[in-house]
Every structure is written in structure tokens, then in C-alpha cells.
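Architecture and fold: a report
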Amino acid sequence: MQAQEGAAALVMEQPVVDTEAMTIAAASPDALLPVLLPNVGGEAVIEGADTVRSDEVRGLLAAIRRLENIVEEETVALTTGKKIDFDDFSARKSRSMLEFVRLMRARMHLGSEVEVTEEIQRLREKLERNRSVLEMHYDAVREVASIIVKAIKEAESDGTYTGRTAQDGK
């Protein structure tokens, strides 16, 4: 703690440096080491950072779009009545969602990117539509299953435990 306070005091006690005088002193042949060096490659560093950032954005957008495509494919298959391998869709969505979550955690600073935000919003809408269609499908399956269970119970029953009205067909 004291070392940190001492270092902070040293930084605060440093005199203000005249940068123009330093560059002149650095240019003279007698100067051994200039105190302030011009940032010659400053623009290249910024461009490099922008390139890395744009690569990160492109990677995150690609992951979001892959997940969108899987969700949309499943939703279309459900709404058109095509035969679906739910295990396959579930595994693909899980893998894609895991990839998306990992990328988002590693690149939280990209959450403020407009394009990323728009893609996430579009993904959210597709996921909500998918959830709605899956819920409707699940409700239909549950209703059909209850009809089948009821039919099996009636077929197996000999009437011993049912009331007289059920035996008479009423």
C-alpha cells in the first residue's frame, strides 16, 4: 500500500515537460536519449486494432448467423410439417449457442457494436418464433398422446372398475 502511494506521489510530483523543447533536444547530436519519442507508428497500431476488432465482429456475426439459420430451418420444418430429427436440431442449436455465448463472453466490448446489436435482436425474434412453434407442436403432441392413452385404457378395461353407465355405453 505504501509503495503504491509512493509511486503515485512520484508521478504527481513530476514537472510538466515542454514537448517542443524535448524534440529539439532529441534532434541535436549531443542528446543521448530523448525523454519523449514521437509515436511514428501510431496510425498503424490504430489500423491494426481496427482490423482485429473488425475480425472479432465478423466472427461474432458469423456465429450469430449460423445460429439464426439453424433456428430458422427448424421453424420452417415445423410449420411446413416436414419430418424432423429433434435430436439433431437440439444438438446443432446447443453447439451453436455454446459458440455464441463463448464469443460474447470473450468479446463483451463488442456488445455495443450497432451491427452486432441488430443481429442479436433479429436472433432473439427468430428464437421467440421458434419457441412459439415448438410450444404449439408440443401441445399438439401432448393432446394426441392423451387421446391414445385414453383409447388404450378403454380398450383394456373390462368394466370392473367403471360405473354402470360406461358399460351401457352412456
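Numbers given for residues are sequential positions, taken from 1 along each chain in its written order. With the structure being a predicted model, the display of local features is reserved for residues of pLDDT at least 70 and the display and counting of side-chain atom pairs for 80 or more, all residues being used for whole-chain, interface and lining totals. As a rule here, side-chain values come from all non-hydrogen atoms in the structure, and water together with hydrogens is ignored.

**Some thoughts on the nonpolar core**
For our purposes a nonpolar core is just a set of buried Ala, Val, Leu, Ile, Met, Phe, Trp, Tyr and Cys residues, chained together by side-chain atoms within 4.5 Å. Any residue under 20% of the maximum accessible area for its type is buried, any over 50% is exposed, and the rest in between are partly exposed; the area is computed with a 1.4 Å probe on protein chains only. L60, I64, F100, M104, V116 and I120 are the most contacted members of the largest nonpolar core, which totals 13 residues. Here a strand is any run of E in DSSP of at least two residues, a helix any run of H or I of at least four, and the numbering for each starts at the N terminus. Sorting the residues of this core by element identifies α3 (42–80), α4 (86–106) and α5 (114–156) as the ones contributing at least two each. Broken down by element, the residue count for this core peaks at 7 residues, all from α3. Contacts between residues were defined by any pair of non-hydrogen atoms, one from each residue, lying within 4.5 Å. Sequence-distant contacts of F100, that is, excluding residues within four places in its chain, are made with L60, I64 and I120. Counting residues in hydrophobic clusters, the runner-up holds 6 residues, among them I70, A77, I84 and V133.

**Quick look at the environment of T75**
Take T75: it is sitting in helix α3. What makes T75 buried here is its relative accessible area of 4%. Linking T75 and K126, residues 51 residues apart in sequence, is a C-alpha distance of 8.5 Å. For T75, the contacting residues outside a window of four places in its chain are R129, N130 and V133. Any N or O atom pair separated by 3.5 Å or less is treated as a polar contact, with the protein-specific requirement of one donor-capable and one acceptor-capable atom, and with residues adjacent in sequence counted only for side-chain atom pairs. Engagement of the side chain of T75 in a polar contact is seen with the side chain of N130, the distance being 2.8 Å.

**A word on α4**
Note that an α-helix has 3.6 residues per turn; residues three or four places apart therefore point the same way. Expected helix span is computed as 1.5 Å times (number of residues minus one). Its 21 residues give α4 an end-to-end C-alpha distance of 30 Å, which sits within 8% of 30 Å, the value for a rise of 1.5 Å per residue. Every buried residue of α4 is listed here: F89, R92, K93, S96, F100, L103 and M104. In an axial view of α4, the angular spread of the buried residues amounts to 100 degrees, which keeps them on one side of the axis. Summarising the geometry of α4, the exposed residues directed more than 90 degrees from the buried face are D87, R95, R102, R105 and A106. Of all possible arcs, the one meant is that of the directions from the helix axis to the C-beta atoms.

**Considering the packing of α4 against α5**
Each pair of packed helices can be summarised by the angle the axes make with each other and by the distance between the axes. Geometry is summarised by axes, namely lines fitted to C-alpha atoms with helices restricted to the contacting stretch, and by angles between N-to-C directions that run from 0 to 180 degrees. Between α4 and α5, whose axes approach to 15 Å, the crossing angle comes to 155 degrees. Classified by the interaxial angle, the pair formed by α4 and α5 is roughly antiparallel. Seen along the crossing, α4 lies across α5 with a hand that is left-handed. Contact with α4, carried on its side by F86, K93, F100 and M104, involves I120, N130, L134 and H137 of α5 and no other residues of that element. Of the residues assigned to the contact of α4 with α5, the class counts are 5 nonpolar, 2 polar and 1 charged. Should an angle fall under 35 degrees it is called roughly parallel, over 145 degrees roughly antiparallel, and 65 to 115 degrees roughly perpendicular, with every other angle called oblique. The crossing is said to be left-handed when, going from far helix to near helix, the turn is anticlockwise and less than a right angle, and right-handed when the turn is clockwise. When residues are grouped by polarity, Ala, Val, Leu, Ile, Met, Phe, Trp, Tyr, Cys and Pro land in nonpolar, Asp, Glu, Lys and Arg in charged, and all others, Gly among them, in polar.

Remember, this is a structural readout, not a statement about activity or role.
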